[in-house]
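Overview (structure and organization)
Okay, here's what each chain looks like letter by letter:
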Amino acid sequence: MLPETAVRNFHPFTNYDFSNFYFGAGDDVYDTIRSFNQWWDEAFAGDYHIYREPFTSAPGTHISIRSNLGKQIDGLLNFSSYNYLGMANSPVVTEAAIEAIRKYGLGASGGPNLSGMYDIHRELEPSLAAFKKKEACTTFNSGYAANPGIISGIMRSGDTIFLDQYSHASLIDGAILDQQSQFPN
Ligand SMILES: Cc1ncc(COP(=O)(O)O)c(C=O)c1O
């Protein structure tokens with residue numbers, strides 16, 4: 001979804017992305033924010049807005065967005081969604097979701113250990129386990145939440161976590177959270 005102008009201009013700020021601002025140093029927490037804002041202002045001025053452009057359509061094969069300059073753009077090919085199987089906008093799934101919202105309301109309104117576990121969750125987990133031919137399954141509300149949840153749940157003191165330095169941030173955060181010895185390779 002890179003605007004043609006940015007490709008044409010190929011400005012130096014294209015050498016950066018969010019990950020360059022992940023590890024900040026220095027006593028002032030705002031240091032990282034300042035350098036990010038400086039990069040973002042240049043990126044914005046340079047017509048290089050590949051992040052956070054709001055969709056104005058379902059995340060199907062073709063999508064519509066409102067560009068960060070407020071322009072409505074339709075008919076874009078979608079290479080950036082997790083909707084690989086098209087379930088997010090499948091009429092079968094959306095109808096089932098509407099039915100579930102009518103019955104249960106929107107969202108679990110509680111943590112799963114207290115008041116956020118519903119009968120449909122209890123049905124979903126074993127059917128996902130069966131689908132994946134596994135003994136059991138635990139569901140999380142995002143892939144991000146799954147990794148710190150699992151890592152801190154199964155690792156114990158003295159365990160060692162080996163992580164590739166290009167691992168997803170949620171894996172790194174899971175390891176940091178678990179404060180286990182790490183040997184990034
Ligand atoms: C390996 C890995 N773990 C976790 C996540 C986070 O998943 P989510 O965006 O669903 O929170 C991603 C997302 O790209 C990922 O690639």
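For the structure itself, look to the data block above.
These numbers come from a predicted model, not from an experiment. (Residues numbered from 1 in each chain as written. Predicted model: local features only at pLDDT ≥ 70, side-chain atom pairs only at ≥ 80, totals over all residues. Heavy atoms only, no water.)

**Concerning the overall build of the protein**
- Along the protein, the regular secondary structure elements total six helices and four strands.
- Along the protein, helices and strands appear, N-terminal first, in the series α-α-β-β-α-α-α-β-α-β.
- Taking all 185 residues of the protein together, the buried fraction comes to 19%.
- Excluding contacts between residues fewer than 6 apart, the proportion of contacts in the protein whose partners are at least 24 apart in sequence is 27%.
- For the protein, the computed accessible surface area is about 13800 Å², with 59% contributed by carbon and sulfur atoms. (Helix = DSSP H or I, 4+ residues; strand = E, 2+ residues; numbered from the N terminus. Buried < 20%, exposed > 50% of the residue type's maximum accessible area, 1.4 Å probe, protein only. Contact = heavy atoms within 4.5 Å. Areas by Shrake-Rupley, 256 points an atom, 1.4 Å probe, with all protein chains shown as cover.)

**Considering helix 2 (residues 30–45)**
- In this model helix 2 runs 22 Å from its N-terminal to its C-terminal C-alpha over 16 residues, within 8% of the 22 Å that 1.5 Å per residue would give.
- Here helix 2 has its buried residues at Trp39, Trp40 and Ala43. Buried residues of helix 2 fall within an arc of 100° about the axis and therefore sit on the same side. Projecting away from the buried face of helix 2 at angles above 90 degrees are the exposed residues Gln38, Asp41 and Ala45. (Expected span 1.5 Å × (residues − 1). Arc of directions from axis to C-beta.)

**Examining a nonpolar patch on the surface**
- Judged by side-chain polarity, Tyr82, Tyr84, Leu85, Met87, Val92 and Val93 come together as a nonpolar surface patch covering roughly 810 Å² of accessible area.
- Structurally, leucine 85 can be placed in the loop between strand 2 (72–77) and helix 3 (91–104). (Patch = residues over 30% accessible without salt bridge, like charges linked within 9 Å, V, L, I, M, F, W, Y side chains within 5 Å. Salt bridge = Lys/Arg side-chain N within 4 Å of Asp/Glu carboxyl O.)

**Considerations on the site of the ligand**
- Around the ligand sit Tyr82, Ser142, Gly143, Tyr144, Asn147, His168 and Ser170, and those are all the residues in its vicinity.
- At 3.4 Å, a side-chain N or O of asparagine 147 approaches a nitrogen atom of the ligand.
- Its free accessible area being 390 Å², the ligand has 57% of it covered by the protein chains.
- With three residues, helix 5 (residues 143–154) is the largest single contributor of residues to the shell around the ligand.
- A per-class count over the shell around the ligand returns two nonpolar, five polar and no charged. (Near = heavy atom within 4 Å. Polar contact = N/O pair within 3.5 Å; in protein donor to acceptor, adjacent residues only side chain to side chain. Nonpolar A, V, L, I, M, F, W, Y, C, P; charged D, E, K, R; others polar.)

**With respect to the environment of glycine 149**
- Looking at where glycine 149 falls in the secondary structure, it is placed in helix 5.
- According to the relative accessible area criterion, glycine 149 is partly exposed, its value standing at 31%.
- In this structure the C-alpha to C-alpha distance between glycine 149 and aspartate 178, which are 29 residues apart in sequence, comes to 9.9 Å.

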